[in-house]
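# Topology and contacts: notes
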Amino acid sequence: MATATAQVNYLEAKKGIMSWLFSVDHKRIGLMYLYALITFFLVGVTLGLLMRYELLNPGKDLVEAKTYNQIFTLHGVIMIFLFIIPSIPAVFGNFFLPIMLGTDDVSFPRLNLLSWWVYIIGAIMALSTLVFGDGPADTGWTFYAPYSVKTGTNVTMSVLAAFVLGFSSILTGLNFIVTIHRLRAPGMSFTKMPLFAWALYATSWIQLLATPIIGITLLMIVAERTLGVGLFDPSIGGDPILYQHLFWIYSHPAVYIMALPAFGVISELLPTFSHRTIFGYKAIAYSSLAIAFVGYFIWGHHMFTSGMSGTARFIFSMLTFLVAIPTAIKVFNWVATLYKGSIDVQTPLLYALAFIFQFMIGGFTGLILGALATDIHLHDTYFVVGHFHYVMFGGTGFAFFGALHYWYPKIWGRMYNKLVANIAFVIFFIGFNTLYFPMFISGLMGMPRRYYDYLPEFHIPNIISTVGSWILALGLILMIVNLIVGRFRGRKVTERDPWGGITLEWQTPTPPPVQNFDRLPELPKNGPYDYEHKPQIKD
Amino acid sequence: MAQSHDQHQDNHHDGQHHAVPYSEHVRTLVALLFLTAITVVVSVFGAALSTLSVFTALFIATVKVVVVAYYFMHLKYEKKIYSGLVLLVGVLFVALSVLTALEYLNR
Ligand code: HEM
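The structure presented is a predicted model; accordingly, all values stated were derived computationally and were not measured.

When helices and strands are tallied, chain B shows five helices and zero strands. Beginning at the N terminus, the succession of helices and strands in chain B can be written as α-α-α-α-α. Across the 107 residues that make up chain B, the buried fraction comes to 20%. Accessible area of chain B: about 7,700 Å², with a carbon and sulfur share of 73%.

Given below as structure tokens:
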């Protein structure tokens with residue numbers, strides 16, 4: 001392996017845009033995902049800020065009702081299908097999974113490139129609704145029938161975009177499952193795998209098995225819209241509740257496609273910055289599988305008010321409470337990992353701690369919504385909007401940015417300005433909570449979601465929320481500018497292990513060579529976080 | 001890079017390559033054609049069987065899936081864990097369908 005070409009780092013190995021667009025190197029593909037994802041994320045954020053501006057005061061400020069409906073739909077579609085579902089697996093999974101397993105690429109590098117291209121095509125289709133046809137869909141990202149069958153907006157294209165994006169997700173999942181089964185370094189049994197790999201393994205199974213269901217469901221919408229097949233619209237013999245079942249049979253497990261990789265990231269950050277073994281390795285690893293499994297059977301909690309059967313409501317509510325158990329197991333283990341560790345407070349750790357705090361709020365409010373009686377009052381109010389932003393943005397979003405700050409020096413061989421990064425974090429954190437916490441209050445007061453207008457009694461929480469969105473945007477801009485400046489002018493990092501981490505990516509040169517390793521990776525004696533027997537790697 | 005990657009993969013597969021006799025492929029193909037023929041026959045006489053014909057068609061299709069996975073997709077020669085995984089997927093599919101159907105029937 002240690003040939004001359006193996007030493008050239010992956011950033012400099014080849015030059016020119018084509019060497020990126022058609023690269024089968026998992027590291028380059030990971031970065032291409034990163035750039036695309038961040039671009040779409042910023043589009044989504046802009047739409048979010050527009051909505052918050054409209055909601056600053058009751059009545060019409062900026063846009064018409066219908067335009068507002070189109071904005072929240074596009075915001076939802078972009079944030080879910082283009083940002084948060086691919087996020088951690090597509091960027092950091094692609095870049096680091098093979099390295100953490102001690103191999104030189106994923107099992108199917110060409111399929112990997114295909115999945116990026118499919119993702120880009122899906123993204124173009126989704127955004128094309130802005131300019132073609134009758135404008136973006138106005139159904140909400142859930143495309144509920146029968147409205148989605150009847151509205152004149154461009155539902156068909158949005159739905160087909162989500163269909164195409166699903167393939168990208170399936171291909172990534174398939175690739176990771178096979179890679180984890182087949183390409184682990186000699187000596188790395190399943191229980192010696194880093195927890196990030198475990199999390200990706202559980203996630204990949206959901207991507208592989210659940211995504212086809214939404215694919216076919218979305219095609220059924222197209223069939224109903226174009227051919228008049230009576231599947232979901234009761235006026236032509238369909239069943240709208242069937243649509244909700246099919247939609248959530250995918251979309252609830254999809255919540256775990258978003259959450260599990262974030263759990264994986266946190267399980268890497270905490271041992272690194274407390275310099276000690278993770279507490280409860282097996283409990284964390286197996287609870288990922290348990291979450292993935294139980295997560296399949298709780299979709300009905302999105303449908304408590306849909307008119308579905310009472311027995312089913314009861315069963316789904318009970319199952320929903322079950323999923324809190326493996327999640328809590330993780331949280332307890334994370335907190336126990338910090339206990340008596342030698343904690344080194346760096347930016348990535350701050351994101352990890354914010355993750356735990358915010359994800360807990362998201363999780364607990366989820367239990368309130370999972371209880372039948374309270375959900376009747378809170379369904380479709382701003383309480384739900386607060387809840388899912390806390391989970392997806394406060395949870396996975398923060399884990400994503402934590403991961404970005406953590407692996408940044410390894411990826412680019414440079415370090416960002418740590419002070420600025422910490423300041424940006426604080427602003428971002430304050431902005432986030434100012435933006436979303438008031439939504440719980442307005443939700444409890446009864447303010448419904450998905451309206452461009454509201455009654456005057458909801459004014460105060462809405463003002464606070466909108467001001468929060470500006471603070472958040474400020475933190476975000478500062479963070480991104482700092483990262484971009486660091487990429488070109490930051491301090492050069494040449495040491496292999498700038499944070500004192502232990503997993504295999506910290507044994508490779510910085511940035512990694514094309515082949516990932518310049519020598520055989522060494523595994524610690526007792527599992528991946530055995531700091532007592534950490535292999536001493538010299539440059 | 002790609003070259004070394006392929007080598008890596010080949011190493012992994014080495015112990016698992018099996019020369020499958022052509023006769024086995026042929027037998028599998030004949031079995032699948034036979035099952036297809038039965039499906040057609042059942043659908044022609046479907047009216048007499050009413051709902052039963054749907055179940056028969058589904059049952060035959062399931063048998064065909066198993067045959068394809070087992071012989072053509074080499075599950076037969078893989079470690080047991082892979083058959084286990086495929087079985088688990090089947091169980092999941094059935095569970096999701098049953099749960100949805102139960103909701104519908106209790107509405
Ligand atoms: C600056 C950041 C953001 C702002 C200001 C923002 C704002 C909003 C607002 C105000 C709504 C509610 C619209 C309504 O019900 O009337 C909303 C909906 C939504 N947001 Fe965000 N959001 C942001 C980031 C995110 C992120 C990061 C995600 C996902 C990871 C996300 C996912 C969603 C989804 C799925 C909806 C539901 C859309 C629907 O009802 O169909 N948002 N957002």
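Structurally, Ser168 of chain A can be placed in helix H7 (residues 155-182). With near-sequence residues (within four places) excluded, Ser168 of chain A lies in contact with Tyr33, Ser115, Val118 and Tyr119 of chain A.

Before going further, it helps to spend a moment on the interface of chain A and chain B. Interface size is commonly expressed as the accessible surface area that is lost when the partners come together. Of the residues lining the interface, 30 residues belong to chain A; the matching set on chain B comes to 22 residues. Taken over both partners, the interface formed by chain A and chain B buries close to 2,400 Å², and the fraction arising from carbon and sulfur atoms is 66%. Across the chain A-chain B interface, the total number found is two salt bridges. Of the charged contacts in the structure, one is a salt bridge between Arg107 of chain B and Asp239 of chain A, with a shortest N-O distance of 3.2 Å. The tally of links between chain A and chain B comes to four residue pairs in polar contact (both at pLDDT 80 or more). Put simply, the parts of the chain that give the side of chain A that touches chain B at least two residues each are H7, helix H8 (195-227), helix H9 (240-274) and helix H11 (310-338) of chain A. With four residues, the single largest contributor to the side of chain A that touches chain B is H8 of chain A. Looking at side-chain class alone, the side of chain A that touches chain B contains 17 nonpolar, eight polar and five charged residues.

Domain parsing of chain B yields domain 1 (16-76) and domain 2 (79-107). A separation of 20 Å is found between the C-alpha centroids of domain 1 of chain B and domain 2 of chain B.

All names here are of chain A. Applying the stated criterion across every chain, the model contains 60 aromatic pairs over all chains. Each ring, one from Phe393 and one from Phe432, has its centre 5.4 Å from the other, and the planes form 90 degrees; the classification is edge-to-face. One end of the pair, Phe393, is in helix H14 (residues 382-412); the other, Phe432, is in helix H15 (residues 418-445), and 39 residues separate them in sequence. The ring of Phe488 carries Arg487 above its face, with NZ or CZ at 5.3 Å from the centroid.

Moving on, we get to unusual backbone geometry. All names here are of chain A. Between Ala145 and the following residue, Pro146, the backbone shows a cis peptide bond with an omega angle of 0 degrees. Examined against the element boundaries, Pro146 turns out to sit in the loop between helix H5 (109-128) and helix H6 (147-150). In this structure, the amide linkage connecting Thr510 to the following residue, Pro511, adopts the cis form with an omega of -15 degrees. Locating Pro511 in the fold gives a position in the segment after strand S2 (491-492). One non-glycine residue, His275, lies in positive phi territory at about 50 degrees. With respect to the helices, strands and loops of the structure, His275 is situated in the loop between H9 and helix H10 (281-294). One non-glycine residue, Arg450, lies in positive phi territory at about 65 degrees. You can see Arg450 is positioned in the loop between H15 and helix H16 (459-489).

The rules behind the values
Residues numbered from 1 in each chain as written. Chains lettered and ligands numbered in written order. Predicted model: local features only at pLDDT ≥ 70, side-chain atom pairs only at ≥ 80, totals over all residues. Heavy atoms only, no water. Helix = DSSP H or I, 4+ residues; strand = E, 2+ residues; numbered from the N terminus. Buried < 20%, exposed > 50% of the residue type's maximum accessible area, 1.4 Å probe, protein only. Areas by Shrake-Rupley, 256 points an atom, 1.4 Å probe, with all protein chains shown as cover. Contact = heavy atoms within 4.5 Å. Buried area = accessible area lost by both parts, 1.4 Å probe. Salt bridge = Lys/Arg side-chain N within 4 Å of Asp/Glu carboxyl O. Polar contact = N/O pair within 3.5 Å; in protein donor to acceptor, adjacent residues only side chain to side chain. Nonpolar A, V, L, I, M, F, W, Y, C, P; charged D, E, K, R; others polar. Domains from an automatic or database assignment. Phe/Tyr/Trp six-rings, centres within 6.5 Å; stacked < 30°, edge-to-face > 60°. Lys NZ or Arg CZ within 6 Å of the ring centre and 35° of its normal.

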